[in-house]
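Here is what each chain is made of, one letter per residue.
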Amino acid sequence: MTRQTYPSIIHPESDLWQGYTEPLHMGHRLPAVSEAKPSEPLLDVVPILLSPGLRNRSDKLLPVVQEFARQGRAALAIEHRHTSGATPPEFVNALDLYPRVEVNKAASLYEVITSRRLEQVDVVGYCEGAVNGAILASLFPNLIRNFVVLNPAGMNDSDDKFSRIAKIFIKKSIQDVKFAVPLLVSRQDPDLATKKLAASWDRIAGLPTLRVLSRMAISPELVRLEQQGVKVAVLQSRKDSLYPYDMVRSQVPNGLSAHATLADPKLGHAALLASPEFTVRAIVQLIESLNDSTHGS
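Here we summarise the structure given alongside this text. Since the structure is predicted, the reported quantities are computational estimates derived from the model, not experimental observations.

A few points about the packing of aromatic side chains
The description of two aromatic rings rests on the distance between their centres and on the angle between their planes. Per the stated rule, a full pass over the model turns up 3 aromatic pairs. The interplanar angle of 65° and the centroid separation of 5.6 Å between the aromatic rings of Phe-91 and Tyr-110 together place this pair among those described as edge-to-face. Of this pair, Phe-91 sits in the loop between strand S3 (73-79) and helix H2 (100-115) while Tyr-110 is found in helix H2, placing the two residues 19 residues apart along the sequence. Tyr-110 carries the same exposure label as Phe-91, and that label is buried. For the ring pair Tyr-110 and Phe-140, a centre distance of 4.3 Å and an interplane angle of 20° mean the geometry is stacked. With Tyr-110 in helix H2 and Phe-140 in the loop between helix H3 (129-139) and strand S5 (144-150), the pair connects residues that are 30 residues apart, well separated along the chain. With respect to burial, Tyr-110 and Phe-140 carry one shared label: buried. A connected cluster of aromatic rings, assembled from ring pairs, spans Phe-91, Tyr-110 and Phe-140. In this structure, Lys-196 is placed above the aromatic ring of Phe-179, and the distance from its NZ or CZ to the ring centre is 5.3 Å.

Some words on the packing of helix H4 (residues 162-186) against helix H5 (residues 190-205)
Contact geometry of H4 with H5 gives a least axis separation of 8 Å together with a crossing angle of 160°. Relative to H5, the element H4 lies roughly antiparallel. For the element pair H4 and H5, the recorded crossing hand is left-handed. Counting all contacts with H4, which are made through Phe-169, Ile-170, Lys-172, Ser-173, Asp-176, Val-177, Phe-179, Ala-180, Leu-183 and Leu-184, the residues of H5 involved are Pro-190, Leu-192, Ala-193, Lys-196, Leu-197, Ala-199, Ser-200, Arg-203 and Ile-204. The residue makeup of the contact of H4 with H5, split by class, is 13 nonpolar, 2 polar and 4 charged.

Here's the deal with H5
Helix length check: H5 (16 residues) gives 22 Å between terminal C-alpha atoms against 22 Å at 1.5 Å per residue, within 8%. Those residues of H5 lying buried are Ala-193, Ser-200, Asp-202 and Ala-205. On its buried side, H5 packs onto H4 and helix H6 (207-213).

What about the sheet that holds strand S7 (residues 258-261)?
Pairing is mixed across the open sheet formed by 7 strands, whose spatial order is S1-S3-S2-S4-S5-S6-S7. Two strands lie at the open edges of the sheet, namely strand S1 (32-36) and S7, each paired on one side alone. Geometrically, the sheet is characterised by an average inter-axis angle of 20° between neighbouring strands, direction not taken into account. Note: strand S2 (residues 44-51) against S3, 4 bridges, orientation parallel. Note that in S3 the partner of Leu-50 across the bridge is Ala-77. Relative to S2, H2 is tilted by about 155°, and along the sheet it contacts S1, S2, S3 and strand S4 (121-126).

Looking at a nonpolar patch on the surface
Together, Ile-170, Ile-174, Trp-201 and Ile-204 make up an exposed nonpolar region whose accessible area comes to about 340 Å². When contributions to the nonpolar patch are tallied by element, the ones reaching two or more residues are H4 and H5. Looking at the secondary structure, you find Trp-201 in helix H5. Residue Trp-201 is classed as partly exposed on the basis of its relative accessible area, which comes to 40%.

Scoring rules and cut-offs
Residues numbered from 1 in each chain as written. Predicted model: local features only at pLDDT ≥ 70, side-chain atom pairs only at ≥ 80, totals over all residues. Heavy atoms only, no water. Phe/Tyr/Trp six-rings, centres within 6.5 Å; stacked < 30°, edge-to-face > 60°. Helix = DSSP H or I, 4+ residues; strand = E, 2+ residues; numbered from the N terminus. Buried < 20%, exposed > 50% of the residue type's maximum accessible area, 1.4 Å probe, protein only. Lys NZ or Arg CZ within 6 Å of the ring centre and 35° of its normal. Axes fitted to C-alpha atoms, helices over the stretch in contact; angles between N-to-C directions. Parallel < 35°, antiparallel > 145°, perpendicular 65-115°, else oblique. Left-handed = near helix turned anticlockwise from the far one by under 90°. Contact = heavy atoms within 4.5 Å. Nonpolar A, V, L, I, M, F, W, Y, C, P; charged D, E, K, R; others polar. Expected span 1.5 Å × (residues − 1). Pairing = 2+ DSSP bridges. Patch = residues over 30% accessible without salt bridge, like charges linked within 9 Å, V, L, I, M, F, W, Y side chains within 5 Å. Areas by Shrake-Rupley, 256 points an atom, 1.4 Å probe, with all protein chains shown as cover. Salt bridge = Lys/Arg side-chain N within 4 Å of Asp/Glu carboxyl O.

Below, the structure written as structure tokens:
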């Protein structure tokens, strides 16, 4: 990859990058990979690789890959468990453009592809996964056939403030704690209480990542991917409070293969996890349309 500087991407010497690591990583471990294959004949021989949202855990990702399998697609999803170890040589140049934590997540995606000897994948980048998926695709466009970004990070407008996103996360974390504490004290449902507290901590621990993501812009990279032969599509939820629909829509550049909106107007940022059957169906149909446009051209 030729080293370049992009004015739209935060400069690596910014104070946001210095010494930045993601909280509570457990050292340099192999990522936890969830995968599923259809019992019926494959709808498409190219598997789907899900690049997940911020701190998405395997227990949330497994139902999504299973839904892809039910809809005829082999699928894999990765829970990132290390982010600040040594960066593989193939990805070192990307450190000029992106923070190490995101580059290392892209490297984990690459590790999944190469360890399974996959020739190509369709990447679905959800939320933060749109950023590290774009890094992966920029370095290895030959490995990526289609790239769908769902409710993506990295497409904020210049007036959007990190404080807006932080308030959403903090408010939801407080709500979860208030919900969980009475359940723990009364011992009514300690398992649910534990899950709520874990979710609350994940949001707070993810704030440093969100601060970095709020200053990044992937739109120029998406255009370059199209120029390199990767079909790119943006898929949005109408009720996304984290990355509002109109804001992201305004950042979708000309030259992409598709922009689409989930038909259910009630779905928000977490549509993929909250309604996997509906959202996965929309993703599969969108990828099919990208393939049809390739074959028709």
